[in-house]
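Below are the chains, spelled out letter by letter.
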Amino acid sequence: MQCLSEIKIGLISTSDRASKGIYADEGIPALKSWLKRAVKNPIRFSEALIPDEQPEIEATLKRMADEDRCDLIFTTGGTGPALRDITPEATLAVIDKEMPGFGEQMRQISLHYVPTAILSRQTAGIRGKCLIVNLPGRPKAIEETLGGVRDESGNIVVHGLFSAIPYCIDLIGGGFIETDETVCKAFRPKQK
């Protein structure tokens, strides 16, 4: 049996009110729950619950990518059109390469559920050997975005983001991620 290496995943929830304790953050617990089901590797999480302040978001992304050496960072929240929603701007300010397909796919998935998906400004990008992805803030939307759209029989209608994430991380020199195919099948080109 193959021994899978530990994967480092950063989880950042951006919320003024949750960071002040006005209500409980739901984004990080939802992400951890889904990732523990989907990823077979042992995972070391780096977590931060912070306000919607661009300098703080940028500093946290940089720390997780550069110092914590995360293979993958998910942000949750702060991606809508409201004045305080600035997670995409903070992400774009710290990445080396933008990966616009992730935002396009998130909106495509969300449009199956709500017409307001067009208001989302989620994006993704690469900093060094780390993939950074902005996710929605609601637990149900997080699961739908990562896992994809399924029909009544459980068959995939629209692939979720996580189907492409392990191969993207392979390409940028991050850790090898193996998934539980009953939750999310990772797509990689066939080896010759």
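Structure's up top.
The structure contained in this document is the topic of the report that follows. What you see is a predicted model, and the numbers here were worked out from it, not measured in a lab. (Residues numbered from 1 in each chain as written. Predicted model: local features only at pLDDT ≥ 70, side-chain atom pairs only at ≥ 80, totals over all residues. Heavy atoms only, no water.)

### Brief notes about the overall build of the protein chain
Each helix and strand counted, the protein chain has 7 helices and 8 strands in total. On C-alpha atoms alone, the protein chain measures out to a radius of gyration of 16 Å, which is about the 16 Å that the 2.2 N^0.38 rule sets for 192 residues. Going through the 192 residues of the protein chain one by one, you find that 49% of them count as buried. Considering only intrachain contacts with a sequence separation of at least 6, the fraction spanning at least 24 residues in the protein chain is 71%. In the form shown here, the protein chain has an accessible surface area of approximately 9,800 Å², with 52% of it arising from carbon and sulfur atoms. Each charge sign in the protein chain was given a centre, from 24 positive and 26 negative side chains, and these centres are 3 Å apart. (Helix = DSSP H or I, 4+ residues; strand = E, 2+ residues; numbered from the N terminus. Rg over C-alpha atoms; globule rule 2.2 N^0.38 Å. Buried < 20%, exposed > 50% of the residue type's maximum accessible area, 1.4 Å probe, protein only. Contact = heavy atoms within 4.5 Å. Areas by Shrake-Rupley, 256 points an atom, 1.4 Å probe, with all protein chains shown as cover. Lys, Arg positive; Asp, Glu negative; His and termini not counted. Charge placed at Lys NZ, Arg CZ, Asp CG, Glu CD.)

### Observations concerning helix H4 (residues 87-94)
Think of an α-helix as turning once every 3.6 residues; residues three or four places apart then point the same way. Inspection of H4 places Thr 87, Pro 88, Ala 90, Thr 91 and Val 94 among the buried residues, and these make up the whole buried set. Projected down its long axis, H4 shows its buried positions confined to an angular sector of 160°, all on one face. On its buried face, H4 is in contact with strand E1 (7-14), helix H3 (54-67), strand E3 (72-76), strand E5 (124-127) and strand E6 (130-135). (Arc of directions from axis to C-beta.)

### Observations concerning a nonpolar patch on the surface
Together, Leu 111, Ile 118 and Leu 119 make up an exposed nonpolar region whose accessible area comes to about 300 Å². Inspection of the secondary structure assignment puts Ile 118 in the loop between helix H5 (100-111) and E5. (Patch = residues over 30% accessible without salt bridge, like charges linked within 9 Å, V, L, I, M, F, W, Y side chains within 5 Å. Salt bridge = Lys/Arg side-chain N within 4 Å of Asp/Glu carboxyl O.)

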